[in-house]
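Structural description and commentary
Each chain is listed here by its residues.
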Amino acid sequence: MLERAKRLIDRKIEAPDLSPGSLAEELFVSRSRLYRAFEAFGGVSVYIRRQRLLRTREALADASDTRSILRIAEQWGFADASVFSRAFRSEFGVSPSAVRRAGWMGGDHQRERNAIVERSQEASLEQLLRQLRS
């Protein structure tokens, strides 16, 4: 059931109405069973938010994506710029604009770009480990 839920989240990640309730309905499981399945990830809502943040990070690091940070955030379900920025920094330990700058630097500044992306990935791992411990 967990793998089916993850696949469904992946397919519907851009849908603004993606929620634990809608997931439970589509999977024909109770909300409590869904919550228990995602307990190790901090809950189903946390899992969805993290997947959306990962996608924003990918888009921001892509030098060919010239959309504004806000447009990218909106695509992945973040309507408020300050809420998105706080969530992003909390998840990855760097600001969205730092990841954007690193992506735009490209090959000329590859070492600095790698350091920023590496810091953001380490923060993600730390966050996951903290969630698993609690």
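Here, the structure is the one placed above.
I will try to describe carefully the structure that is included in this document. None of the values given here were measured: they were computed from a predicted structure. (Residues numbered from 1 in each chain as written. Predicted model: local features only at pLDDT ≥ 70, side-chain atom pairs only at ≥ 80, totals over all residues. Heavy atoms only, no water.)

1. Considering the overall build of the chain
Per the secondary structure count, the chain includes eight helices and zero strands. Secondary structure elements in the chain, listed N-terminal to C-terminal, are α-α-α-α-α-α-α-α. Here the chain holds 134 residues, and the buried ones make up 40% of them. By sequence separation, contacts in the chain at least 24 residues apart represent 61% of the contacts at least 6 residues apart. Looking at the chain as shown, the accessible area adds up to about 7800 Å², and 50% of this sits on carbon and sulfur atoms. (Helix = DSSP H or I, 4+ residues; strand = E, 2+ residues; numbered from the N terminus. Buried < 20%, exposed > 50% of the residue type's maximum accessible area, 1.4 Å probe, protein only. Contact = heavy atoms within 4.5 Å. Areas by Shrake-Rupley, 256 points an atom, 1.4 Å probe, with all protein chains shown as cover.)

2. Side note on the side chain of Asp65
For Asp65, the position within the fold is in the loop between helix H4 (44–61) and helix H5 (69–75). Engagement of the side chain of Asp65 in a polar contact is seen with the side chain of Arg67, the distance being 2.7 Å. (Polar contact = N/O pair within 3.5 Å; in protein donor to acceptor, adjacent residues only side chain to side chain.)

3. Brief notes about helix H1 (residues 2–12)
Within the span of H1, buried status applies to Ala5, Lys6, Leu8 and Ile9. Angular distribution of buried residues about the axis of H1 spans 165°; they occupy a single face of the element. The inward-facing, buried residues of H1 contact helix H2 (20–27), helix H3 (31–37) and H4. (Arc of directions from axis to C-beta.)

4. Overview of a positive patch on the surface
On the surface, Arg4, Arg7, Arg11, Arg33 and Arg36 cluster together into a positively charged patch. Those elements giving two or more residues to the positive patch turn out to be H1 and H3. The element best represented in the positive patch is H1, accounting for three residues. Within the element layout of this structure, Arg11 appears in helix H1. (Patch = residues over 30% accessible without salt bridge, like charges linked within 9 Å, V, L, I, M, F, W, Y side chains within 5 Å. Salt bridge = Lys/Arg side-chain N within 4 Å of Asp/Glu carboxyl O. Lys, Arg positive; Asp, Glu negative; His and termini not counted. Charge placed at Lys NZ, Arg CZ, Asp CG, Glu CD.)

5. Points about the packing of aromatic side chains
Evaluation of the coordinates by the stated rule reveals six aromatic pairs. With a centroid separation of 5.3 Å and 65° between ring planes, the pair formed by Phe41 and Tyr47 is classed as edge-to-face. Aromatic side chains Phe88 and Phe92 sit 4.8 Å apart centroid to centroid with 65° between the ring planes, which places their arrangement in the edge-to-face category. Placement of both Phe88 and Phe92 in helix H6 (residues 81–92) is noted, with a separation of four residues, approximately one turn of the helix. (Phe/Tyr/Trp six-rings, centres within 6.5 Å; stacked < 30°, edge-to-face > 60°.)

6. Focus on the nonpolar core
Nonpolar side chains in soluble globular proteins tend to end up buried together. By size, the foremost hydrophobic cluster in this structure holds 30 residues, and its most contacted members are Ile9, Leu23, Leu34 and Phe88. Mapped by element, the contributors of at least two residues to this core are H1, H2, H4, H5, H6 and helix H7 (96–105). In terms of residue count, the dominant contributor to this core is H4 (eight residues). Discounting residues that sit within four places of it in the chain, Leu23 has contacts with Ala5, Leu8, Ile9, Leu18, Leu34, Val44 and Ile48. (Core = buried A, V, L, I, M, F, W, Y, C linked by side-chain atoms within 4.5 Å.)

7. Some thoughts on the packing of H1 against H2
Running from N to C, H1 and H2 cross one another at 120°; their axes reach a closest spacing of 11 Å. The angle between the axes of H1 and H2 places the two elements in the oblique class. Where H1 crosses over H2, the handedness of that crossing is right-handed. From H1, Arg4, Ala5, Leu8, Ile9 and Lys12 reach across to H2, where they touch Leu23, Glu26 and Leu27. Of the residues in the contact of H1 with H2, the class split is five nonpolar, no polar and three charged. (Axes fitted to C-alpha atoms, helices over the stretch in contact; angles between N-to-C directions. Parallel < 35°, antiparallel > 145°, perpendicular 65-115°, else oblique. Left-handed = near helix turned anticlockwise from the far one by under 90°. Nonpolar A, V, L, I, M, F, W, Y, C, P; charged D, E, K, R; others polar.)

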